[in-house]
Amino acid sequence: MHTSTVIGSKASPMAAEKEIWQKIGEGFVQEYYNQFDNTNRTTLGDLYSADACLTWEGSNFSGKAAITGKLASLPFKAIKHIITEQDFQPTVDSCIFIMVFGQLKVDDDPPMAFHQVFMLKHHACSWVCTNDVFRLGIHNIPA
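Attention here is on the structure that accompanies the text. Given the structure is predicted, the values throughout are model-derived calculations rather than measurements. (Residues numbered from 1 in each chain as written. Predicted model: local features only at pLDDT ≥ 70, side-chain atom pairs only at ≥ 80, totals over all residues. Heavy atoms only, no water.)

**Quick look at the sheet that holds strand β4 (residues 96-106)**
Line of reasoning, step 1. Taken in spatial order, the 6 strands line up as β2-β1-β6-β5-β4-β3 in an open sheet, and their pairing is mixed. For this open sheet the edge positions go to β2 (59-62) and β3 (79-90), each flanked by a neighbour on one side alone. Ignoring which end each strand starts from, the neighbouring axes of this sheet average 15° apart.
Line of reasoning, step 2. Relative to strand β6 (residues 126-136), strand β5 (residues 112-123) runs antiparallel, the two sharing 10 bridges. Bridge pairing in β6 links His122 to Trp127. (Pairing = 2+ DSSP bridges. Helix = DSSP H or I, 4+ residues; strand = E, 2+ residues; numbered from the N terminus. Axes fitted to C-alpha atoms, helices over the stretch in contact; angles between N-to-C directions.)

**What about the side chain of Asp37?**
Line of reasoning, step 1. Considering the arrangement of structural elements, one finds Asp37 in helix α2 (residues 18-38).
Line of reasoning, step 2. An unpaired buried charge is present at Asp37: no salt bridge exists, and Lys80, the closest side chain of opposite charge, is 4.3 Å distant.
Line of reasoning, step 3. In terms of polar contacts, Asp37 uses its side chain to reach the side chain of His81, at 2.5 Å.
Line of reasoning, step 4. Residues within four places of Asp37 in sequence aside, it is in contact with Ile79, Lys80 and His81. (Buried < 20%, exposed > 50% of the residue type's maximum accessible area, 1.4 Å probe, protein only. Lys, Arg positive; Asp, Glu negative; His and termini not counted. Salt bridge = Lys/Arg side-chain N within 4 Å of Asp/Glu carboxyl O. Polar contact = N/O pair within 3.5 Å; in protein donor to acceptor, adjacent residues only side chain to side chain. Contact = heavy atoms within 4.5 Å.)

**Some details on the packing of aromatic side chains**
Line of reasoning, step 1. For the structure shown, the criterion picks out 11 aromatic pairs.
Line of reasoning, step 2. An angle of 70° between the planes, with centres 6.3 Å apart, marks the rings of Tyr33 and Phe118 as edge-to-face. Of this pair, Tyr33 sits in helix α2 while Phe118 sits in strand β5, placing them 85 residues apart in sequence. An identical accessibility class is assigned to Tyr33 and Phe118; each is buried.
Line of reasoning, step 3. Centroid distance Phe114 to Phe134: 6.0 Å. Interplanar angle 20°. Geometry classified as stacked. One end of the pair, Phe114, is in strand β5; the other, Phe134, is in strand β6, and 20 residues separate them in sequence. (Phe/Tyr/Trp six-rings, centres within 6.5 Å; stacked < 30°, edge-to-face > 60°.)

**Some words on the nonpolar core**
Line of reasoning, step 1. The biggest cluster of nonpolar side chains holds 28 residues, and the ones touching the most others in it are Phe28, Tyr32, Phe36, Tyr48, Leu71, Ile98 and Phe118.
Line of reasoning, step 2. Of all the secondary-structure elements, those providing two or more residues to this core are α2, β1 (48-56), α3 (64-72), β3, β4, β5 and β6.
Line of reasoning, step 3. Looking at which element gives the most residues to this core, the answer is α2, with 6 residues.
Line of reasoning, step 4. With residues near it in sequence (within four places) discarded, Leu71 still touches Tyr32, Phe36, Arg41, Leu44, Tyr48, Leu54 and Trp56. (Core = buried A, V, L, I, M, F, W, Y, C linked by side-chain atoms within 4.5 Å.)

Here it is, written out as structure tokens:
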């Protein structure tokens, strides 16, 4: 038996289906930022589980209603996300971990870097976001 066969036989079942979790992750990212940029953001709540958690710039929001309220109340008129990179990993409990890097342009402000992490879980025949962490890529370095 070859070493690669032995190593390959120990891979998790989800790792063998890379294109499935990557396609799910890519589809979620595309839908999330399309809704974020092109709607009033109230429909984003449909992408979250009932007990989801959001950390937005260090502030925590629990539950679909609180998350929807936060995202809908963000104080800008126009926004455009430009995705630079997105990485996906399957987790040992069959979830999908997503990390997104990019830039966003808000109203007339200059573009800003951002980082966002999502955890997706399969629930009731669909994939929902259970965890979401967002940070602008702004560094306040003390003098």
